[in-house]
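Read off the chains here:
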Amino acid sequence: MAPDDRHSATAAALLPLLGGAGNIASVENCMTRLRLELHDRSLVRDEALRALPAVLGVVEDGTSFQVVLGPGAVARVAPELARLSAAAPVTAEALAERGAALRAERKERNATPGKLFLRRIAAVFVPLIPALIGCGIVAGLSGLLANLRLLPGLTPALTAVASGFMSLIAVFVGHNTAKEFGGTPVLGGAVAAITVYGGTGRVGAFGEQLVPGQGGVLGALAAALLATRVERWCRRRVPQALDVLVTPTLTVLVTGLVSLYGLMYAAGKAATAIGRFADWLLANGGAGAGFVLGGLFLPLVMLGLHQALIPIHTTLIQQEGCTVLLPLLAMAGAGQVGAALAVYVRLSHNGSVRGTIRSALPAGFLGIGEPLIYGVSLPLGRPFVTACVGGAFGGGFVGLFNQLGDKVGATAIGPSGWALFPLLKGDHGLGRAAAVYGLGLLVGYAAGFAATYAFGFGKGELAALNAPRAAPPSQGVPPSAYSVQDK
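Below is a summary of the structure that appears in this document. (Residues numbered from 1 in each chain as written. Predicted model: local features only at pLDDT ≥ 70, side-chain atom pairs only at ≥ 80, totals over all residues. Heavy atoms only, no water.)

Quick word on the packing of aromatic side chains
Note the following rule: The criterion for an aromatic pair is that two Phe, Tyr or Trp rings (for Trp, the six-membered ring) have centres within 6.5 Å, with stacked assigned to planes under 30 degrees apart, edge-to-face to planes over 60 apart and tilted to the rest. Should the NZ of a Lys or the CZ of an Arg lie within 6 Å of a ring centre and within 35 degrees of the ring normal, that charge is described as sitting over the ring.
Evaluation of the coordinates by the stated rule reveals ten aromatic pairs. Ring pairs connect the aromatic residues Phe365, Trp418 and Tyr445, which therefore count as one cluster. Cation over ring: Arg346 sits above Tyr453, and NZ or CZ is 4.4 Å from the ring centre.

Here it is in structure tokens:
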């Protein structure tokens, strides 16, 4: 075999062992080693690679994957491997498959007891989101009319419409908690209703008089969880003939007394601490807090830890009328959009990937980021990191204004991006809050775009991804493939 044929055969043998052409981002070489940037290290077939006769060793230094071929041979194999990896187009389908694999891997890793518990807690609150959104928009309309001194006869009615659900949200939380954790939903609602009953003001605990609604959704959640445990205990021990009478009675009685003489007090202290901490954090370190929250939210979503924030948002909305954390976290989506726009510009010849971006951007602007995350940025690797950078700068901007006294909050959870504008609330009116939030989105877009344009692709990766090829826009990943609840 001629030397050139031998080196071409070596490159061809290496390609599938390294995960295929789509897994190789860039190929470089030094005197003895191939230096590779890989999209997914787990796709490498290590044992087969080390057993290849031409391979003298494998080295990983944390930044690149290196295959030792020896002097002379490496200089001839490297360009051939680069040619082979560039010859296979990186299409939207390839990125979608890689994104689906990463999504499945993250889901498997997130199936720990703690994260599964957080997921179940989130499932308690997700069904409440439509009512939170509707009541939040009505509350905003009521406040706008009051500030403009328009329709004074209608404003009280709008306030009643907006506030009715929030005054009884604890009952809905209790109902959903019991349903999610295997209890009787109406019993969960019954014990949660105790926390909002007006007569609780005549009960004292730990030297203090209780206040109706004390502890908010946290107290209702704890009461319903306890009721579920009590009910299940009774079901196992009470004779079937007496179960219909004894089990619900003991469930309501025991849980009700524990709630009045312990849970409401403890949950009230916890809810107050959450509100004070959020106010203190943004008043004293808003820019830094916003930078960290905006930058880390996408990784939190990947780890499944963002679900722990849902009860916190709901507690802040119930206590203060809005959550000041959501506008900061929404900047992560802005960074994602900016990163996607930079990828669109940089990959000017990759019609397939650009088609995915065109189909997913409208959802991204409305705060639904999964199509862009799993269809574009995460499979490409670096653009996911630079998207986080964009989110950090957007969050830092909004946090700075909070620190300066322009508080920006959201009266409901669920929407983000442009969809959050009708739900904004601020200390200086809706117009000012919308201006700060809108400027924050622009900062996130710009920072995500700039970071991705400058640092989103490694050496040689851009040329491989940007090889001229055509694909119709229909090959993109439709936003409808993902749901809002995935967030």
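Focus: the pattern of salt bridges
Cut-off, in case you're wondering: Basic side-chain nitrogens of Lys or Arg form a salt bridge, by our definition, when they fall within 4 Å of a carboxyl oxygen of Asp or Glu. Working definition: with a 1.4 Å probe on protein chains only, accessible area under 20% of the residue-type maximum means buried, over 50% means exposed, and in between means partly exposed. A run of DSSP states H or I qualifies as a helix once it reaches four residues; a run of E qualifies as a strand once it reaches two. Both are numbered from the N-terminal end.
According to the stated counting rule, one finds nine salt bridges in the structure shown. A salt bridge links Asp46 to Arg41; its shortest N-O distance comes to 2.7 Å. The exposure class of Asp46 is partly exposed, given its relative accessible area of 25%. For Lys269, the salt bridge identified is with Glu208, shortest N-O distance 3.6 Å. Here Lys269, found in helix α11 (residues 240-303), pairs with Glu208, found in strand β6 (residues 208-209); they are 61 residues apart in sequence, far enough to count as distant. Taking the relative accessible area as the measure of exposure, Lys269 reaches 44% and is therefore partly exposed. On the basis of relative accessible area, Glu208 is assigned to the partly exposed category, the value being 34%. Residues joined by salt bridges that share partners form a network here, namely Arg41, Asp46 and Glu60.

Looking at the sheet that holds strand β3 (residues 57-60)
Put simply, the rule reads: Think of it this way: DSSP has to see at least two bridges between two strands before they count as a pair. Lines fitted to C-alpha atoms define the axes here, with helix axes fitted over just the stretch in contact, and angles between the N-to-C directions of these axes take values from 0 to 180 degrees.
Strand order in the open sheet made by the four strands is β1-β2-β4-β3, with antiparallel pairing throughout. Every other strand in the sheet has two partners, leaving β1 (24-29) and β3 as the edge strands with one partner each. On average, each strand axis in the sheet is inclined to that of its neighbour by 25 degrees, with strand direction left out of account.

Some thoughts on the packing of α11 against helix α17 (residues 382-403)
Defined as follows: Roughly parallel means an angle under 35 degrees; roughly antiparallel means over 145; roughly perpendicular covers 65 to 115; every other angle is labelled oblique. Working rule for handedness: look at the near helix, and if it is turned counterclockwise from the far one by less than a right angle, call the crossing left-handed; if clockwise, right-handed. The classification used treats Ala, Val, Leu, Ile, Met, Phe, Trp, Tyr, Cys and Pro as nonpolar, Asp, Glu, Lys and Arg as charged, and all other residues, Gly among them, as polar.
Direction vectors running N to C along α11 and α17 enclose 155 degrees, while the axes themselves pass 7 Å from each other. The orientation of α11 with respect to α17, classified from their angle, is roughly antiparallel. Like other packed secondary-structure pairs, α11 and α17 cross with a definite hand, here right-handed. Each residue belonging to the contact of α11 with α17 can be placed in one class, and the counts come to 13 nonpolar, twelve polar and no charged.

Quick word on the pairing of strand β2 (residues 33-38)
Strand direction decides the pairing type here: β1 and β2, joined by five bridges, are antiparallel. Directly across from Val27, in β2, lies its bridge partner Leu36. Linkage of β1 to β2, two consecutive antiparallel strands, is achieved through a turn of three residues. Two strands pair when backbone bridges link them, and β2 and strand β4 (residues 65-68) are joined in this way by four bridges, in the antiparallel orientation. When the bridges of β4 are listed, Leu36 appears paired with Phe65.

Examining a nonpolar patch on the surface
Note the threshold: Patch construction takes residues with relative accessible area above 30% that form no salt bridge. Like charges are linked within 9 Å, and nonpolar side chains (Val, Leu, Ile, Met, Phe, Trp, Tyr) are linked within 5 Å. To be clear on the numbers: accessible area is Shrake-Rupley with a 1.4 Å probe, and residue cover counts the displayed protein chains and nothing else.
Where nonpolar side chains cluster on the molecular surface, the patch consists of Leu141, Leu144, Leu148, Leu150, Leu151, Leu154 and Leu430 and spans about 590 Å² of accessible area. In this structure, Leu154 sits in the loop between α6 (129-148) and α7 (155-167). On the basis of relative accessible area, Leu154 is assigned to the partly exposed category, the value being 39%.

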